[in-house]
Each structure stands twice: as structure tokens, then as C-alpha cells.
Protein chains: 2
Amino acid sequence: MVTIRDVAKESGFSAATVSIVLNNAPLAHYIPATTKARIQKAAKKLHYRPNVIARLLRSKRSHTVGVIVSDVTDPFCIPVLRGIDNVLYPASYLPILVDIHNQRERFERHLEMLLDRHVEGLIMVANWLFVDINLLGDIEKRNIPAAIIGRELKGSISSVMVDNEAGARLALEHLYSLGHRRIAFIRGPTTLADTVPRWRGIQSFARSAKLRIDSRLIMDLPNSLDPNSSFENGYRLTAALLKTRARFTGLTAFDDLSAFGAMRALEKGGVRVPQECSVVGFDDVAPSMLSLPSLTTIRQPLQAMGASAASSVLEGVDAVFEKRLLVSSHRKMLPELVVRESTRPAPRLF
Amino acid sequence: MVTIRDVAKESGFSAATVSIVLNNAPLAHYIPATTKARIQKAAKKLHYRPNVIARLLRSKRSHTVGVIVSDVTDPFCIPVLRGIDNVLYPASYLPILVDIHNQRERFERHLEMLLDRHVEGLIMVANWLFVDINLLGDIEKRNIPAAIIGRELKGSISSVMVDNEAGARLALEHLYSLGHRRIAFIRGPTTLADTVPRWRGIQSFARSAKLRIDSRLIMDLPNSLDPNSSFENGYRLTAALLKTRARFTGLTAFDDLSAFGAMRALEKGGVRVPQECSVVGFDDVAPSMLSLPSLTTIRQPLQAMGASAASSVLEGVDAVFEKRLLVSSHRKMLPELVVRESTRPAPRLF
DNA sequence: TCCCGAAGTTCGATTTAAATG
DNA sequence: GCATTTAAATCGAACTTCGGG
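(A) Representation of the overall build of chain A. The number of helices and strands found in chain A is 13 helices and 12 strands. The C-alpha atoms of chain A give a radius of gyration of 26 Å, which is well past the 20 Å a tight globule of 350 residues would have. With respect to the three principal axes, the spread of C-alpha positions in chain A is 90 × 35 × 35 Å. When each of the 350 residues of chain A is scored for burial, the buried share is 56%. Taking as baseline every contact in chain A between residues at least 6 positions apart, the subset at least 24 positions apart corresponds to 76%. As displayed, chain A offers around 15500 Å² of accessible surface, 54% of which is attributable to carbon and sulfur atoms.

See below:
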């Protein structure tokens, strides 16, 4: 391991001068070009790499950002992570990713680990979060810039969300404009933050279009710690609904996975999608494009959301560094209707 | 920030004694219980947390393992990461995940970042790796235990792979036993390591079963840096094959994504899956269970593979720490046929 | 000689204060 | 905002050595 002292010896200057030159510190202004050149050459010759740990101990800057994900197996996360990476990488920041499996205990332990490693910022991906996170304490106290994706928190933590209400409205509007009038709904789990605004969007559109919502066509996903459970639950609920012989030509699901479950139940029940029943999802996760029929859905700009969160955290980091005021931002991103194969004009009614 | 000196002051002992007691160092043997208790109490009272960075600077142990992934958007990765996490977390090791987007430049830069941060071990997930990695140099030189998933490298780096040949044999055997005789094949890209052994498995089974392979039914995925491209390419290739009016009742795809592409082309071409044509994939990624029809495929024990790689790296870390010899392991895991809805007994021939 | 505890050095860089031309 | 360079203190913990009872 070659240290700064080795470079000092090689170049004939002191360690202090080497440090000043290589870091281009303010004092480097006073140092003549010849000295600089000799130091640079010595460093290159010895393949000197500064010890990040030693530097961090002294300077407090780790150039890392902690990323806490509630569950990586949720396909929702992947594009978000890409978005984060796309912002952090050019800025030479390293994301440190931890997966809390939706467990409170893991959340606390991982948060500690991240703080112990002096992350300069924190991003939380709360896509499917049931654990109650009153983390405000630790984080705000330490003055660490933080952002959360998929939730809004009071306090100094920035947030990036999709406009759930608008998205749900888009979904229903799409079915309505295709002529569907008898529409079934799979709502989200009660403890999930997205559930309420999405349903509000549904109701708001229904009211404005004078569409009657039949309460017998409303299903609710149960609470679960596993984001992937909504596939199976979507299947079960829809299968049960079919058994009641209730009639409908369209179905709006809480998310893409429950939409897949619903499609499967419909097909098994002899109802063809989209010929006899249209299905709309929410999220636009990767499998939506692959499925047969491919899924019409409401796209969340996941990559952009990740990038936005990362940007505001980096801004916060700069602010802290320059001792400026930390202002939190709360962005609401626009969802987008993606029409694929799972929706069609309403049939006569089956 | 409360330091060890604060605890020393609070307890009335010196920093050295505090360090010895709190780390339960060998010398702690000589220290009376009363002293220990007073120090423990002081530490608790002040909420003392040792500074990981300072400790690391001195002790060289970072309790982190670098995880290099060729592309996180590949659904293949997720269960692997889970497996890694499941081993690292209980051992109090933190994985530091980097995504190289299949780019050589990113690989090099990220590897440097990880080494700079003194990771104690390295795991590479080479699911879809086209960049040439002659990393042996840096890694072996530094004596860092490493493991690679999905590839075999000569040298001291451990590897965990699925038995590709056996897997391909299983796939073909399944179709054969269902009565299929005219079978189409989507082979992998030439630069991917899995391609050759899988094709060898196909040929080996064909030979032993005296099954004729029609070369007009063989398709090859083009080289691409994007793991998700095989969906579209599977679609294109299969659509083109259908245009030739060649006949077949079964199709073996290189991976699940190309199988999805093939299924879509078949359906669009008016060939129903599985009634008129059976399709088998490879990998068993998450969407395989969701699709309609769900995909019969060869499962790679991804989570177990991740866990295995993590275990051998941790073993290596222990070995290095105790100055024992570093032995590399090369594990080959057994694939498993998962029968779902996309395969059926052969029809009369369409 | 045996315990117990403290003083001081080390890890590798950053940074301040000061010395010198 | 002399210009140029450096010795020494610092970051926080770990470890080695040494002295007193």
C-alpha cells in the first residue's frame, strides 16, 4: 500500500504539500506549477491511491448515499434503482442499498448500519411499505438530507410520488371512454398509503361521469407484507367475484400484479380478455409488456422518480456542505395511460 | 458525537481500558468485573457508538462485501440478491451493490470504488455478461476472496453455476416425453457462456433418443448488451420462422424472456400455446408464473446460488483473517423442470 | 510475578499555524 | 490574497508497552 508519505519522499516534498496539490485545495494556488508537476508525476509513478477510509475519518465526506428499499423482489423497485444510479454515478456517489424485507427490525438495524458508515444522504423506496417508519427523529437530528419515494412524510424529508388520484382517474376514464359501464374494482390494502387516493380518483371520475359504482363489484386486497402477494390475491378475489355471477365488462386493478391475477381468473373462468372483459393495471412494471395479452396500465415514471429523489438528496448534501438552509421538496409526478392489448371497446355485456 | 474518550471521562478510566472492555479484547481477562460494569454503564448512558470508520482505518475489517451485477434490470438477479442478503445479513456483513450496465468502463470504475472502500470479499453476478473481465489480476493480487455466479473462471475465484447441459437436456426430454418430435430451438447469443453447454445438452439428448434436429428450426439470439432484448428477439425470430411455413409442435427457448417472445409470436401467428405448440423456457424468473399460459421452464435455484456464493466468500474472508490457505470451490447446482401450462402432449401436427 | 490500568503509538490522510525566503 | 513549504495537531479507535502496587 503506497501512502501519501511515499509520494512525499519520492517527490522530495512534505506530505502536507502533496495533499494540498493532489486535492487542489485552496492553498494550491500558491504552489508553483513545477512543484505541482513533480508531485503529480511521483503520484502517478507510484500508482498512489489515497486511502478513502483515512480521508473519510478526517473530512467527514463519504461520498455515499444510503438507499433503503422495502422489498427488492417487487418489480416496482428496479427502474427506480436505475434512476437513482443514473444520477448518483455521474456525481461519483456510491449508493449503498439495503433491503428491509418490510420488517421493522431490519429497517432499524440497516438504518443504523448506514448512519454508522456516514452516508451523506438517504433515499427510501417505500413502494410497498407496511412498517411504520417514524425515522424522522434520527434522520432530522443528524441533519441528513433524505427523500422518500412513494409516500409523503411531514417534516424535512423530501418526497416523490405519482399522482395516484389522477392515475386512477385515467384508468377509469379509459374504460369509460371505451363504453364500459359495469366495472369491477380491486382496491389496495387498507394500510397502504396509495389505496385511499386511488380510490378517491375512481370516485371522482365516477361522479363527474355519472357512472354508478356497484358495491358488489368492489374487492379489497388484504394486508400483506409481500408485494407479490397481490397476484394471488387478485386471482382469488376475481375468481370469487365470478362465482357470484355478477356481470361486468371491465376491471380496474390496484396494481399490475393484481391485474395479472385477475386476468388469470377471468381466463380460467371462461371470460376472454379483452374480448369479453377489459383489464387495466397500475404501475407498468416490466412484466406488463410481456404478458399475453399485454397489459393496459397506468405508468408511473419510475426511473424519473428515482432520479428526482436522488437529485434532491444530492442538492441537500450540497446545501449541508455549504451550510445553506435545507429545504425539502415534494414532487408529484404525472402518471400516463399506456394502452396495450388488455382493453377493448365494451362488448354487448356477457 | 460521543467518542471513546467521553466514555473514558464519564467512567473514570482511560480510553485504552474502555476499548479493551467494550471489544472484549484478550486483555479484558484481567479487568475486574466492577470496572467492566462501570464502563458498560457509562457507554450506555452516553449512547456511545464506536466510529466504524476510525475502527476500520485501524483494523482493516470493513464488514462489507462488494456485489457486482452485470445488469439489475434482468429479473434473473433479484432472487440471487436475496440469496446473498440472506447469508450476509445474519453474519453482519453489508453488501455493497453496484450495477455495471454491462459496460467495461463501469466495471472497472466500480471495482476500484469497492476496493477503495476495503470490501473484504467480492461477488459477481454474471448473468448476462458480455464485457470481458480479466479482473483476476487486481483481485488475486490483493488476496480478496471472490466468487462469481453464472460463469467459471480459472484461478482462485470460486464459482457457482447451474448445470446448463443437464438443464437443456431436461427441457428437451420433457417435450420428447410428451410426444413432440418436430421441435424448434432458440439458442443463446454466441458470446454468452451459457450458450454452448445448453446446446450440448440438447444435442446429447437428441443423440441418445435418436431425435432428429432439423437445422431449419434452429434460431440464434443475436449478441446484445441488454438482457431484456431476448424478449423482442425471441419474438422476431419465431415470427420469421413461422413465415417459412416450417412445421413444429414444440419450442425450446434459450431463456424465459425469449420464450415469452416466442409465445407472443406464436399467438399472433395463430398458433395456440399449448394446444398447437408447446414452449419451454429456462431460468424460471418471476414473470414465468404470471404469464398466460404460465411457462413451463427449467428452474435455476437462483436464491441458493446467491447464498452459496456468499457463503464461500465469507469462508474465504475467515480464511484470510486467520491466515489459512484460500481454497476456491466450484459448485454446479442442479436445475429442475417446472411443469406449468405452456406444454402439452403433442398434437397431430399442425 | 501477577494484576490492573494508563500512556503513547499507529492507521493515512487533512488542515492549521507557523517558519522561511 | 507575499509566496512557498512544512511541522504538528487532528480525526477516533486499537493495540503495544510499560509502570505501580
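Picking up after the structure, the text goes on.
(B) Here's a closer look at the protein's contact with DNA strand C. What surrounds DNA strand C is a group of 27 residues, the closest being I4 and S19 of chain A together with S14, Y30 and R58 of chain B. For DNA strand C, the fraction of protein-proximal atoms (within 4 Å) that sit in sugar or phosphate groups is 72%. Between DNA strand C and I4 of chain A there is a distance of 2.4 Å, counted from a phosphate oxygen to a backbone nitrogen or oxygen. Contacts to DNA strand C include N23 of chain A, whose side-chain N or O atom sits 3.0 Å from a phosphate oxygen. Elements with a minimum of two residues in the surface near DNA strand C: α1 (4–11), α2 (15–22) and α4 (52–59) of chain A together with α2 (15–23) and α4 (52–59) of chain B.

(C) Quick look at the domain arrangement of chain A. Residues and elements named next belong to chain A. For chain A, the assigned domains are domain 1 (4–50), domain 2 (62–162 + 301–333) and domain 3 (164–300). Placing a centre on the C-alpha atoms of domain 2 and another on those of domain 3 gives a separation of 30 Å. Every contact between the two is made by 17 residues of domain 2 and, on the other side, 21 residues of domain 3. Counting each side, the surface lost to burial between domain 2 and domain 3 is near 1600 Å², with a carbon and sulfur contribution of 64%. On the domain 2 side of the interface with domain 3, the three residues burying the most area are W128, F130 and V162, jointly 44% of the side's total. Linking domain 2 with domain 3 are 0 salt bridges, by the criterion used here. At the boundary of domain 2 with domain 3, the tally comes to 5 residue pairs in polar contact (both at pLDDT 80 or more). Among the secondary structure elements, those contributing two or more residues to the side of domain 2 that touches domain 3 are β5 (158–162) and α13 (302–321). When the residues that make up the side of domain 2 that touches domain 3 are grouped by side-chain class, the tally is 10 nonpolar, 4 polar and 3 charged.

(D) The arrangement of the pairing of strand β4 (residues 146–149) of chain A in detail. Residue and element names in this part refer to chain A. Every second residue of β4 is oriented toward a common face, with A146 and I148 on one face and A147 and I149 on the other, all of them buried. Bridge analysis of strand β3 (residues 121–125) against β4 gives 4 bridges, and the strand direction is parallel. What sits directly across from V125, in β4, is I149. As defined by bridge partners, β4 adjoins β5 across 3 bridges and the pair is classed as parallel. Looking at the pairing, I148 lines up with S159 of β5.

(E) The relation of the copies chain B and chain A, seen in detail. Superposing chain B onto chain A takes a rotation of 180° combined with a translation of 0.0 Å along the rotation axis, leaving an RMSD of 0.2 Å. A rotation of that kind, with that shift, is consistent with a two-fold axis. A share of 100% of interface residues in chain B that are also interface residues in chain A marks the association as one of identical surfaces.

(F) Highlighting the environment of P335 of chain B. Residue and element names in this part refer to chain B. In this structure, P335 sits in the loop between β11 (330–333) and β12 (336–338). Accessibility expressed as a relative area gives 11% for P335, which makes it buried. Taking the C-alpha atoms as reference points, P335 and D283, 52 residues apart in sequence, are found 8.7 Å from one another. Every residue in contact with P335, bar those within four places of it in the chain, is listed here: V162, D163, A166, G167, L170, I298 and R299.

(G) A look at the packing of α2 of chain B against helix α3 (residues 33–46) of chain B. Residue and element names in this part refer to chain B. The contact between α2 and α3 brings their axes to 10 Å, and the two run at 90°. In terms of orientation, α2 lies roughly perpendicular with respect to α3. On α3, the residues that touch T17, V18, V21 and L22 of α2 are T35, K36, I39, Q40 and A43.

(H) Spatial organisation of helix α5 (residues 77–88) of chain B. All names here are of chain B. Helix length check: α5 (12 residues) gives 16 Å between terminal C-alpha atoms against 16 Å at 1.5 Å per residue, within 8%. When you tally the buried positions in α5, you get 10 out of 12 residues, the bulk of the element. For α5, the full list of buried residues reads C77, I78, V80, L81, R82, G83, I84, D85, V87 and L88.

(I) Up close: the state of the cysteines. On inspection of all chains with the given rule, the structure shows 0 disulfides over all chains. In this model C77 of chain B remains outside any disulfide bridge; the closest cysteine sulfur is found in C77 of chain A, 14 Å from its own.

(J) Focus on the protein's contact with DNA strand D. In the vicinity of DNA strand D there are 28 residues, among which Y30 and R58 of chain A together with I4, N23 and R55 of chain B approach most closely. Backbone sugar and phosphate groups make up 62% of those atoms of DNA strand D lying within 4 Å of the protein. T17 of chain A places a side-chain nitrogen or oxygen 2.9 Å from a phosphate oxygen of DNA strand D. Between I4 of chain B and DNA strand D, the recorded distance is 2.4 Å, taken from a backbone N or O atom to a phosphate oxygen. Residue assignment for the surface near DNA strand D shows that the elements contributing at least two residues are α2 and α4 of chain A together with α1 (4–11), α2 and α4 of chain B. For the surface near DNA strand D, the residue count by class is 13 nonpolar, 9 polar and 6 charged.

(K) View of the sheet that holds strand β6 (residues 183–187) of chain B. All names here are of chain B. The mixed open sheet is built from 6 strands, whose spatial order is β7-β6-β8-β9-β10-β12. Both edges of this open sheet fall to β7 (218–220) and β12, since each of them pairs with a single strand only. Strand after strand, the sheet turns through a mean of 20° between neighbouring axes, direction not considered. Note: strand β9 (residues 278–283) against strand β10 (residues 296–299), 4 bridges, orientation parallel. Opposite V280, over in β10, you have T296 as the bridge partner. Strands in contact with helix α11 (residues 256–268) are β6, β8 (250–252), β9 and β10; relative to β9, the strand with the most contacts, it is inclined by about 160°.

(L) Structural context of the pattern of salt bridges. Applying the stated criterion to the full structure yields 44 salt bridges over all chains. One salt bridge in this structure joins D99 of chain B and R82 of chain A, with 3.1 Å as the shortest N-O distance. Remark: R82 of chain A occurs in helix α5 (residues 77–88) and D99 of chain B occurs in strand β2 (residues 94–99); the pair is interchain, linking two chains. Each member of the pair, D99 of chain B as well as R82 of chain A, carries the same accessibility label: buried. When the shortest N-O distance is used, the salt bridge between R106 of chain A and D85 of chain B registers 3.2 Å.

The rules we used
- Residues numbered from 1 in each chain as written.
- Chains lettered and ligands numbered in written order.
- Predicted model: local features only at pLDDT ≥ 70, side-chain atom pairs only at ≥ 80, totals over all residues.
- Heavy atoms only, no water.
- Helix = DSSP H or I, 4+ residues; strand = E, 2+ residues; numbered from the N terminus.
- Rg over C-alpha atoms; globule rule 2.2 N^0.38 Å.
- Buried < 20%, exposed > 50% of the residue type's maximum accessible area, 1.4 Å probe, protein only.
- Contact = heavy atoms within 4.5 Å.
- Areas by Shrake-Rupley, 256 points an atom, 1.4 Å probe, with all protein chains shown as cover.
- Near = heavy atom within 4 Å.
- Polar contact = N/O pair within 3.5 Å; in protein donor to acceptor, adjacent residues only side chain to side chain.
- Domains from an automatic or database assignment.
- Buried area = accessible area lost by both parts, 1.4 Å probe.
- Salt bridge = Lys/Arg side-chain N within 4 Å of Asp/Glu carboxyl O.
- Nonpolar A, V, L, I, M, F, W, Y, C, P; charged D, E, K, R; others polar.
- Pairing = 2+ DSSP bridges.
- Least-squares fit on C-alpha atoms with pLDDT ≥ 70 in both.
- Axes fitted to C-alpha atoms, helices over the stretch in contact; angles between N-to-C directions.
- Parallel < 35°, antiparallel > 145°, perpendicular 65-115°, else oblique.
- Expected span 1.5 Å × (residues − 1).
- Disulfide = S-S within 2.5 Å.

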